[in-house]
Amino acid sequence: MSPADVVVGFAVVVVVILFVLMALPRTRETARLASCRRNLAQIGQALLSYQELSGSLPFVGLPIAVDRPIEEAPPSPKRQMLDALGVADFLGVDALKKDAPRSGGAAPAGGIVAGFLCPSDAVAFGRFPAPNSYRASVGSDPEGTDGPFALGRPMDLHEVERRDGMAFTAAFAERLLGDGRDAPSRVNYGLVSSLAEAPSAVDWRGDAGSTWLPADFRYTLYSHARPPGAASPRVARDGRSSDIGSTSAHVGGVNVLMLDGSARLVAPTIDADVWRAMGSVGPEPDVDPAPRN
């Protein structure tokens, strides 16, 4: 073999190795994206099982002010589902099985729950004791008045299907965890007296998504008031409103769970009106009057 052949062969090997190395990050992210969707799909199974068991979706009570002890907050939708179904996580829940889990079992009181953390949010691992990547949708506005988990408003899947259709209504979506530092960041949030104002530098908090236990805009709830990935999220000090939306570490967008149990990737370029409509259950449909004889 001539020296020229050796050089050519070496160059081919280098090119092949470079292609493999370049493909590895894409392969890993594809796997993480699929795992994230499976996590959401299992939350969807638990939601269907909860509806069958209780006859409604989890009821979200009014959040507390940010200066009150978090133990006073109402329970999050996922906490209610774990307690009612009597499971430690949602990974084995199948709403179609006749022997689906029922209440009476032991659910976790806190800590890390399998399937509650998106694998693409790798820097979040070990940051908080009870992390939560998947939040419940309160609606299309900052006050959470028209979503499947609207604040202080009972809802069930039959009503959603009648009004808007479960396949068109978002139930849960990803939201990146905070970075643990009380400083401005796309993953942190600012405390404000009114959403019309900008948070000061000293009013930022880095504990976003640090616990799955309470129903709270800081940790477990989000709205469709702003498109995915919107910067400078804010939470009102009274706890009753927020423009915290959906964010993720995925390249193509955010994973969203619809109420029919399907999980889909939504691009950050989605039309703002379409995104708000996804978060809203919608008004009562018009009913034609009965025909007269």
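Residues numbered from 1 in each chain as written. Predicted model: local features only at pLDDT ≥ 70, side-chain atom pairs only at ≥ 80, totals over all residues. Heavy atoms only, no water.

### Things to note about helix H4 (residues 272-279)
Phase 1: Of the positions making up H4, those classed as buried are Trp 275, Met 278 and Gly 279. The buried residues of H4 occupy one face: seen down the axis, they fall within an arc of 100°.
Phase 2: Lining the buried residues of H4 we find strand S1 (134-137), strand S2 (170-174), strand S5 (221-222), strand S7 (254-258) and strand S8 (263-266). (Buried < 20%, exposed > 50% of the residue type's maximum accessible area, 1.4 Å probe, protein only. Helix = DSSP H or I, 4+ residues; strand = E, 2+ residues; numbered from the N terminus. Arc of directions from axis to C-beta. Contact = heavy atoms within 4.5 Å.)

### So, the side chain of Ser 246
Phase 1: Along the chain, the position of Ser 246 falls in the loop between strand S6 (234-236) and S7.
Phase 2: A polar contact of 2.7 Å, which involves the side chain of Ser 246, links it to the backbone oxygen of Glu 174.
Phase 3: Non-local contacts of Ser 246, meaning those with residues more than four positions away in its chain, are made with Ala 173, Glu 174, Tyr 222, Pro 228, Gly 229, Val 254 and Trp 275. (Polar contact = N/O pair within 3.5 Å; in protein donor to acceptor, adjacent residues only side chain to side chain.)

### Considering the confidence of the model for the protein
One rule of thumb: low pLDDT means the predicted coordinates there are not for detailed reading.
Phase 1: Taken over all residues, the pLDDT of the protein has a mean of 87, while the share at 70 or more is 84%.
Phase 2: Taken together, the stretch residues 6-24 has pLDDT below 50 and engages in one contact with residues farther than four places along the chain or on a different chain.
Phase 3: In the predicted structure, residues 289-293 sits below a pLDDT of 50 and forms zero contacts with residues beyond four places in sequence or in another chain. (pLDDT = per-residue confidence, 0-100.)

### Some points on the sheet that holds S2
Phase 1: A sheet is described by the order of its strands in space; here five strands give the open sequence S5-S1-S2-S7-S8, paired in mixed fashion. This sheet does not close on itself; its edge strands, each paired only once, are S5 and S8.
Phase 2: With three bridges connecting them, S1 and S2 associate as antiparallel partners. Note that in S2 the partner of Arg 135 across the bridge is Ala 173.
Phase 3: Where H4 meets the sheet, it contacts S1, S2, S5, S7 and S8, and its direction lies at approximately 40° from that of S7. (Pairing = 2+ DSSP bridges. Axes fitted to C-alpha atoms, helices over the stretch in contact; angles between N-to-C directions.)

### Thoughts on the sheet that holds strand S4 (residues 204-205)
Phase 1: Within the open sheet, the three strands sit side by side as S4-S3-S6. Their pairing is mixed. The outermost strands of the open sheet, each flanked by one partner alone, are S4 and S6.
Phase 2: Both strand S3 (residues 189-192) and S4 contribute to a ladder of two bridges, which runs antiparallel. Bridge pairing in S4 links Gly 190 to Trp 204.

### Regarding the packing of aromatic side chains
Phase 1: This structure, assessed with the given rule, holds three aromatic pairs.
Phase 2: Judged by centre distance (5.6 Å) and plane angle (50°), the ring pair of Phe 90 and Phe 116 falls under tilted. Of this pair, Phe 90 sits in the loop between helix H2 (77-85) and S1 while Phe 116 is found in the loop between H2 and S1, placing the two residues 26 residues apart along the sequence. The same class applies to Phe 90 and to Phe 116, which are both buried.
Phase 3: Feature note: the residues Phe 90, Phe 116 and Trp 212 constitute an aromatic cluster, connected by ring pairs.
Phase 4: One Lys or Arg, Lys 78, reaches over the ring of Phe 116 and ends 3.9 Å from the middle of that ring. (Phe/Tyr/Trp six-rings, centres within 6.5 Å; stacked < 30°, edge-to-face > 60°. Lys NZ or Arg CZ within 6 Å of the ring centre and 35° of its normal.)

### What about the nonpolar core?
Phase 1: Phe 90, Phe 172 and Val 256 are the most contacted members of the largest nonpolar core, which totals 53 residues.
Phase 2: Among the elements that line this core, the one with the most residues is helix H1 (residues 3-54), at six residues.
Phase 3: Each residue touching Phe 90, except ones within four places of it in the same chain, is listed here: Gln 42, Ile 43, Ala 46, Lys 78, Met 81, Leu 82 and Phe 116. (Core = buried A, V, L, I, M, F, W, Y, C linked by side-chain atoms within 4.5 Å.)

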